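Here are the chains, one letter per residue:
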Protein chains: 2
Amino acid sequence: MKDNKISMAVIRRLPKYHRYLSQLMDRDINRISSKELSKIIGFSASQIRQDLNNFGGFGQQGYGYNVEALYREIGKILGLDREYKTVIIGAGNLGQALANYTNFSRFGYKLQAMFDVNPRLMGLRINDVEVKDVDLLGDYVRENNIDIAYVCTNRSSAQQIADILCKNGIKAVWNFTPVDLVLKKGAVVENIHLIENLFTLSYFLKENE
Amino acid sequence: MKDNKISMAVIRRLPKYHRYLSQLMDRDINRISSKELSKIIGFSASQIRQDLNNFGGFGQQGYGYNVEALYREIGKILGLDREYKTVIIGAGNLGQALANYTNFSRFGYKLQAMFDVNPRLMGLRINDVEVKDVDLLGDYVRENNIDIAYVCTNRSSAQQIADILCKNGIKAVWNFTPVDLVLKKGAVVENIHLIENLFTLSYFLKENE
DNA sequence: CTATTTTTGTCAATCTTATAACAAAGGCTT
DNA sequence: AAGCCTTTGTTATAAGATTGACAAAAATAG
């Protein structure tokens, strides 16, 4: 497996490969060519071969790719071969929705605790996880070696929460607030900017008319 | 305003311009150069100028861009100069979270109704919007000329819902399920694939170590 | 009113990403 | 077992996106 600088475009396609391979496994298909995969996933066969070849030759000429092996390899590349301790900050509807997603846990993202400012939510248990006072966040993250924090607060407290997280050694932040968080060098971030996605949707709606 | 084929990369940056311009307006700044904007938004000044120039020369040499005018122009490009009738399918935590977002309504996305299969949720009012039986979805969409549907169902019913929506003239689908929906030609789709975003986050986490 | 500074719009160059082409490897058929 | 067919890995080519450079326009300063 060569490791020299995979392009962003490739990385962002990997989860989709992973998902489609999982589907193939469900259908008990254990072999697939780039051409067949192209048909169902919508990327060109050439692109698929080139993408996968970034990580070493998983395929075999005249045969194609072994679905299960490829699925596992891509999982490994994405870091799904280990567990992550996660917390949710903001126990509103969105935070609760994320807490209830069984899928995340299935792939190794283990929710340890939730935090909120609202005293009425504290002590509540959602999907067997307790909502704690956000004042305890920093200590909790540090003492429990939390890997990933899902930030579902409102816009105004997001950066302040991010600062607390970074100060206490968070490794990754999943940001659901409409703010571009500034993090320390040790931490990475991915954003779900809902409103931006909705705006592009209405752009395409107009274009399509 | 030239209209000949704007690239996808540009489109996806527009909402971010819109957001930062809004911030500038809040701070009563009514003029900005590409260089200054570059510093706060993080795109290169050259890219900013080229992006904006796709839609016609909004700037003025020696002066820069008028913040409010530019904000309004980008809003217009994104289709924010009109209202959209929306529905939510799936009134679980996520559906409820979306129903409670005041931001969407502020930008013209007006929630008309919610739908669910669960009889216990029917009749419930969330943020003043009623949860209806999903069996009524098709008729409702057609009769009320719904523009956009937010699909927050589980994976297994998503495509079936999409078919109903298309058959009844939906124009856009905002898809929160981990499925790639197949739509009729008249409809556009944007996906929020949470798990894919989370996977890339753990990839970056590993890379960053 | 003139000179200087700022800053855009735009063209050219570079860098990145995607597609096409094809030799080499290996499976499959008869 | 021989020959044909499939399919990869990889290189070459094309397309797309970003950055750099600079003339022309307009503001600002003196």
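Basis of the calculations
- Residues numbered from 1 in each chain as written.
- Chains lettered and ligands numbered in written order.
- Predicted model: local features only at pLDDT ≥ 70, side-chain atom pairs only at ≥ 80, totals over all residues.
- Heavy atoms only, no water.
- Domains from an automatic or database assignment.
- Contact = heavy atoms within 4.5 Å.
- Buried area = accessible area lost by both parts, 1.4 Å probe.
- Salt bridge = Lys/Arg side-chain N within 4 Å of Asp/Glu carboxyl O.
- Helix = DSSP H or I, 4+ residues; strand = E, 2+ residues; numbered from the N terminus.
- Nonpolar A, V, L, I, M, F, W, Y, C, P; charged D, E, K, R; others polar.
- Least-squares fit on C-alpha atoms with pLDDT ≥ 70 in both.
- Phe/Tyr/Trp six-rings, centres within 6.5 Å; stacked < 30°, edge-to-face > 60°.
- Buried < 20%, exposed > 50% of the residue type's maximum accessible area, 1.4 Å probe, protein only.
- Lys NZ or Arg CZ within 6 Å of the ring centre and 35° of its normal.

**Some details on the domain arrangement of chain A**
Move 1: Along its sequence, chain A is carved into domain 1 (8-77) and domain 2 (84-196).
Move 2: The straight-line distance from the C-alpha centre of domain 1 of chain A to that of domain 2 of chain A is 32 Å.

**Looking at the interface of chain B and chain A**
Move 1: Listed as interface residues are 63 residues of chain B and, on the opposing side, 63 residues of chain A.
Move 2: With both sides pooled, the region where chain B packs onto chain A buries about 5600 Å², and carbon together with sulfur makes up 62% of that total.
Move 3: Counting across the chain B and chain A interface gives six salt bridges.
Move 4: Only α1 (8-26), α4 (67-77), α5 (93-100), α6 (102-106), β8 (148-151), β9 (172-175), β10 (188-191) and α9 (194-208) of chain B provide two or more residues apiece to the side of chain B that touches chain A.
Move 5: Ranked by the residues each element gives to the side of chain B that touches chain A, the list is headed by α9(B), at 14 residues.
Move 6: In the side of chain B that touches chain A, the residues fall into 36 nonpolar, 13 polar and 14 charged.

**Regarding the relation of the copies chain B and chain A**
Move 1: Overlaying chain B with chain A gives an RMSD of 0.1 Å, the required rotation being 180° about an axis along which the chain moves by 0.0 Å. Taken together, the rotation and translation relating the two chain copies correspond to the operation of a two-fold axis.
Move 2: Most of the interface of chain B is mirrored in chain A: 100% of its interface residues are interface residues there too.

**Points about the packing of aromatic side chains**
Move 1: What the rule picks out here adds up to 22 aromatic pairs over all chains.
Move 2: Where Y17(B) meets F43(B), the ring centres are 5.4 Å apart and the plane angle is 75°; that geometry is what we call edge-to-face. A residue pair is termed long-range when its members are at least 10 positions apart, and Y17(B) in helix α1 and F43(B) in the loop between α2 (34-41) and α3 (45-53) qualify at 26 residues. An identical accessibility class is assigned to Y17(B) and F43(B); each is buried.
Move 3: Geometrically, the ring pair formed by Y84(B) and Y109(B) is stacked, given 5.2 Å between the ring centres and 15° between the ring planes. Of this pair, Y84(B) sits in strand β4 (residues 84-89) while Y109(B) sits in strand β5 (residues 109-116); the two residues are 25 residues apart in sequence, bridging distant segments of the chain. Both residues of the pair, Y84(B) and Y109(B), count as buried.
Move 4: Clustering of aromatic rings is evident, with ring pairs tying together Y101(A), F104(A), Y150(A), W174(A) and F176(A).
Move 5: One cation-aromatic arrangement involves R31(A) over Y63(A); the distance from NZ or CZ to the ring centre is 4.4 Å.

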